[in-house]
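Observations on the three-dimensional arrangement
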Amino acid sequence: MKFSKLAFFTLMIFVLCSSMYAQVLTQDGRSPFVDVIRDVRESVVNIQVEGTRRISQGHRNPIEEEFFRFFGFGTPREQSRPFSAMGSGFIFRRIGNDVYILTNNHVVEGGRDGRISVTLADKDVFQAEIVGLDPDTDLAVIKITVSNNTDVVVAEFGDSEQLEIGEWAIAIGNPFGQLGLHRTVTVGVISAIGRSGLSFGRQSPVLQDYIQTDAAINPGNSGGPLVDINGKVIGVNAAITTTSGGNVGIGFAIPINLAKRISDDFLNHGRVVRAYMGILPQDISPEIRSSLGLNEISGVIVARVENDTPASNAGLQVGDVILEVNNQRIDNVGRFRIVVASCPVNQRIPVRINREGRERTLNVTLVDRGTDVAQTETPPEPASFNLGMRLDTLDSDIARRMNISADEGLLVTQVTPDSPATRAGIRPGDVIIEINRSRIRSIRDYERAIERAERDHLTVILAYVLTRDGTHQFVTFTLE
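The rules behind the values
Residues numbered from 1 in each chain as written. Predicted model: local features only at pLDDT ≥ 70, side-chain atom pairs only at ≥ 80, totals over all residues. Heavy atoms only, no water. Salt bridge = Lys/Arg side-chain N within 4 Å of Asp/Glu carboxyl O. Helix = DSSP H or I, 4+ residues; strand = E, 2+ residues; numbered from the N terminus. Buried < 20%, exposed > 50% of the residue type's maximum accessible area, 1.4 Å probe, protein only. Polar contact = N/O pair within 3.5 Å; in protein donor to acceptor, adjacent residues only side chain to side chain. Contact = heavy atoms within 4.5 Å. Pairing = 2+ DSSP bridges. Axes fitted to C-alpha atoms, helices over the stretch in contact; angles between N-to-C directions. Core = buried A, V, L, I, M, F, W, Y, C linked by side-chain atoms within 4.5 Å.

1. As for the pattern of salt bridges
Counted by the stated rule, this structure contains 24 salt bridges. Across the pair E296 and R329 runs a salt bridge whose closest N-O atoms are separated by 3.4 Å. Linking E296 in the loop between α6 (286-292) and β15 (300-305) with R329 in strand β17 (residues 328-329), this pair joins segments that are 33 residues apart in sequence. Exposure remark for E296: the relative accessible area of 42% places this residue in the partly exposed category. Linked through salt bridges whose partners overlap, the residues forming this network are E408, E434, R439 and R441.

Structure (structure tokens):
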């Protein structure tokens with residue numbers, strides 16, 4: 001009897017496995033992925049970037065500094081070194097002879113002062129130019145110009161809002177570019193959606209809403225498409241979490257709906273149009289949920305409302321819990337940021353909140369983050385006052401991971417090489433407390449201080465800083 005039960009159980013497993021295997025084959029016994037990737041694979045390109053990068057050699061002592069200044073003796077504090085990088089991208093639009101390619105910001109940003117080469121599926125090589133870079137999402141658009149008789153395959157976009165965990169996912173790209181493994185195809189599933197608060201080192205984007213997949217993504221795959229079972233692009237492969245430098249089954253892609261909006265902005269406006277609300281959001285902890293009597297840990301609590309902003313004009317208050325923005329559920333600060341940034345500007349959008357236990361909906365008219373909150377006709381020109389550092393609030397996920405203990409200020413999360421911040425000795429982990437003796441409590445405070453400096457035509461900016469080593473000190477940013 002025991003043998004019969006064991007035999008029956010074994011037989012059932014065999015039948016189920018055979019049935020599942022049959023479901024992933026076509027009627028003629030082939031893998032369905034063959035037809036799925038046949039066309040979209042031809043839209044994938046190889047990207048090579050060559051240029052020079054300035055490398056800091058550290059600070060000279062005063063004697064070395066004087067000799068170098070007057071006689072040119074000694075080791076330069078900064079040196080230019082050649083570099084090359086490789087990645088992936090895919091064609092998403094053709095307008096006449098102009099062919100537009102989506103990829104990652106971190107793949108091509110080094111080509112701003114260098115050379116970007118694009119190799120098509122037929123091995124033809126073209127020189128590309130940058131259409132737009134968006135480090136906040138790690139997306140970029142580049143363009144090549146082809147002849148009338150050049151055939152290219154344009155990838156078709158899917159809808160990343162309709163994704164469900166467990167769906168098929170196909171990654172295509174050029175892993176380990178130096179090995180020539182062009183247009184490699186790997187298959188997996190959607191492991192999770194809406195991943196945010198992830199750190200990938202210096203180039204971690206601020207706005208994150210990643211698709212997670214176990215389809216193998218390796219170095220060099222960045223910028224390639226993540227495709228669904230219908231052959232439509234659902235994401236732009238962007239990053240991996242690894243302990244070995246290679247794939248361990250945890251890869252991340254930027255949702256194609258976000259990529260489509262960013263690319264449309266570049267083509268239609270020449271820049272990203274990003275909405276602004278004017279609050280400081282904070283995640284809901286179990287303790288906050290309990291104290292507010294909320295049913296679940298969801299939404300964000302308003303920790304501060306900036307004056308004369310869309311939020312203050314609409315009546316948002318400190319302590320409000322934002323549950324939905326523009327009919328999209330808000331789960332955490334990361335989701336809030338990306339939903340708000342993607343909303344239309346100069347249009348009333350519904351914001352559902354919980355205020356003291358009662359739900360209500362406010363109508364908020366968001367403005368373009370690239371302009372002053374007061375809707376000036378032309379936004380301030382920040383180029384000459386780009387200090388070369390990326391900042392985040394002290395309640396951000398990055399600040400929590402870095403155990404920042406400052407009471408106020410803005411956290412430096414990234415410093416650009418060969419920038420005023422680099423020359424001032426600023427490092428990631430430092431906290432900017434004051435700019436020109438004005439207290440900095442928010443991103444808007446910082447922007448106002450920089451605008452005042454620009455208006456006064458200053459060439460030196462004084463900052464009060466809490467270093468990551470715990471030392472308070474004044475530093476100066478010298479503008480060239």
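2. What to know about the side chain of E306
Assignment of secondary structure puts E306 in the loop between β15 and α7 (310-314). Separated by 3.5 Å, the side chains of E306 and R304 make a polar contact. Setting aside residues up to four positions removed in sequence, E306 forms contacts with Y276, G278, S312, S442 and R444.

3. Quick notes on unusual backbone geometry
Located in the positive-phi region is D138, a residue other than glycine, with phi close to 65°. You can see D138 is positioned in the loop between β5 (125-134) and β6 (139-145). Residue classification places D138 among the buried positions, given a relative accessible area of 4%.

4. A short note on the sheet that holds strand β10 (residues 225-227)
Spatial strand order, β7-β8-β9-β12-β11-β10: six strands in a closed barrel with antiparallel pairing. Taken over all neighbouring pairs, the strand axes of this sheet differ in orientation by 45° on average, direction set aside. Of the strand pairs in this sheet, strand β7 (residues 168-173) and β10 are connected by two bridges, and their pairing is antiparallel. Looking at the pairing, I170 lines up with V227 of β10. Strands in contact with helix α2 (residues 33-40) are β7, β8 (184-195), β10 and β11 (233-240); relative to β7, the strand with the most contacts, it is inclined by about 40°. Set on the sheet, helix α5 (residues 256-269) makes contact with β11 and β12 (251-255); between it and β12 the angle comes to about 50°.

5. So, the nonpolar core
Ranked by size, the top nonpolar core spans 53 residues in total, and within it M277, I279, I322, V325 and F336 carry the most contacts. Ranked by the residues each element gives to this core, the list is headed by helix α8 (residues 333-342), at six residues. Excluding residues within four positions of it along the chain, I322 makes contact with M277, I279, G299, V300, V302, L316, I330, F336, V351, R352 and I353. Within the second largest apolar cluster, 22 residues are counted, among which are L391, A463, V465 and V475.

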